[in-house]
Structures are given as structure tokens and as C-alpha cells.
Amino acid sequence: MAATLEAVPSTKTAEKKTESSEVDAARELVRMAREQGLSLTGPDGLLKQLTKTVIETALDEEMTEHLGYEKHDTAGKQTANSRNGVRENGVDGDDRTGGGGRAAGPGRHV
């Protein structure tokens, strides 16, 4: 007895469509950056801005998944498992205090 397989949609077709839309989006970003006089690389370039946005978005989504609620949602207010603020990265001066008034040293992290 011979069995035949019904047509199964190719995953390669879906992958090509996704890849094509990603390339189109990247081309559009580059076009817009050039129109606005924005460099593609460098400290204020498109690549740095895009990388920052992707990483921050991924971290926010990971936190949302971990906590079980969206940022600024009242579901987590006043619970032990809440988003409790934002802090600036970096050190606030040359005195190595990290802005907390206590010097960094062995066993102490800033």
C-alpha cells in the first residue's frame, strides 16, 4: 500500500518572507537616517541607537515576563515583587563613591 503526503507548507517560504521584511525594515531605517543626516556608526549613530533600543526593549520584556505584569501597571504596586524605580548607570564623580558617599574598596562594589 502506497501512502502519499499531503502538501505541507514549506518553512523556507515563511523564513524568506520574514528575512525579506527585516531587510526592508533595515533599508528603511538607513534611508531615514541618511535623510536626517544621521551617521550610521559612531557614538550618536543609527547602529548605537538601534542596539540600545533593542537591548532595553528585550530587558523590559524579560522583566514583564518574570514579574507577570506590564511596566507602570498597578498590579505590582506595594508588593514584594514590584518594579521599584529607575537608577542611573555610572559613577557620580572622581571620588569613587558611586554617589552613595561611601568609598569603593576591596569587597565593596560600586
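Cut-offs and rules
Residues numbered from 1 in each chain as written. Predicted model: local features only at pLDDT ≥ 70, side-chain atom pairs only at ≥ 80, totals over all residues. Heavy atoms only, no water. Salt bridge = Lys/Arg side-chain N within 4 Å of Asp/Glu carboxyl O. Helix = DSSP H or I, 4+ residues; strand = E, 2+ residues; numbered from the N terminus. Buried < 20%, exposed > 50% of the residue type's maximum accessible area, 1.4 Å probe, protein only. Patch = residues over 30% accessible without salt bridge, like charges linked within 9 Å, V, L, I, M, F, W, Y side chains within 5 Å. Areas by Shrake-Rupley, 256 points an atom, 1.4 Å probe, with all protein chains shown as cover. Expected span 1.5 Å × (residues − 1). Arc of directions from axis to C-beta. Lys, Arg positive; Asp, Glu negative; His and termini not counted. Charge placed at Lys NZ, Arg CZ, Asp CG, Glu CD.

Draft legend 1. The arrangement of the pattern of salt bridges in detail. Per the stated rule, a full pass over the model turns up 3 salt bridges. Where E28 meets R31, a salt bridge forms, and the shortest distance between an N and an O atom there is 2.4 Å. With a gap of 3 residues between them, E28 and R31 both fall in helix α1 (residues 11-35), about one helical turn apart. In this structure R31 comes out as partly exposed when scored by relative accessible area, which is 37%. The network of salt bridges with common partners includes E28, R31 and E35.

Draft legend 2. Local environment of a nonpolar patch on the surface. A contiguous nonpolar patch, built from L29, M32, L50 and V54 and spanning about 300 Å² of accessible area, is present on the exposed surface. For the nonpolar patch, the elements supplying multiple residues, two or more each, are α1 and α2 (46-67). One can find M32 in helix α1.

Draft legend 3. Layout of α2. Between its first and last C-alpha atoms α2 spans 31 Å; for 22 residues at 1.5 Å apiece the expected length is 32 Å, and the two agree. Among the residues making up α2, those that are buried are L46, T64 and L67. The arc that holds every buried residue of α2, seen down its axis, measures 115 degrees, which confines them to one face. Those residues of α2 that are exposed and angled more than 90 degrees off the buried face are L47, V54, L59, E62, E65 and H66. Among the residues trailing α2, G68 stands out with phi positive, at a value near 90 degrees.

Draft legend 4. Structural context of a negative patch on the surface. A cluster of acidic side chains, namely D60, E61, E62, E65, E70 and D73, defines a negative patch on the protein surface. Along the chain, E70 falls in the segment after α2.

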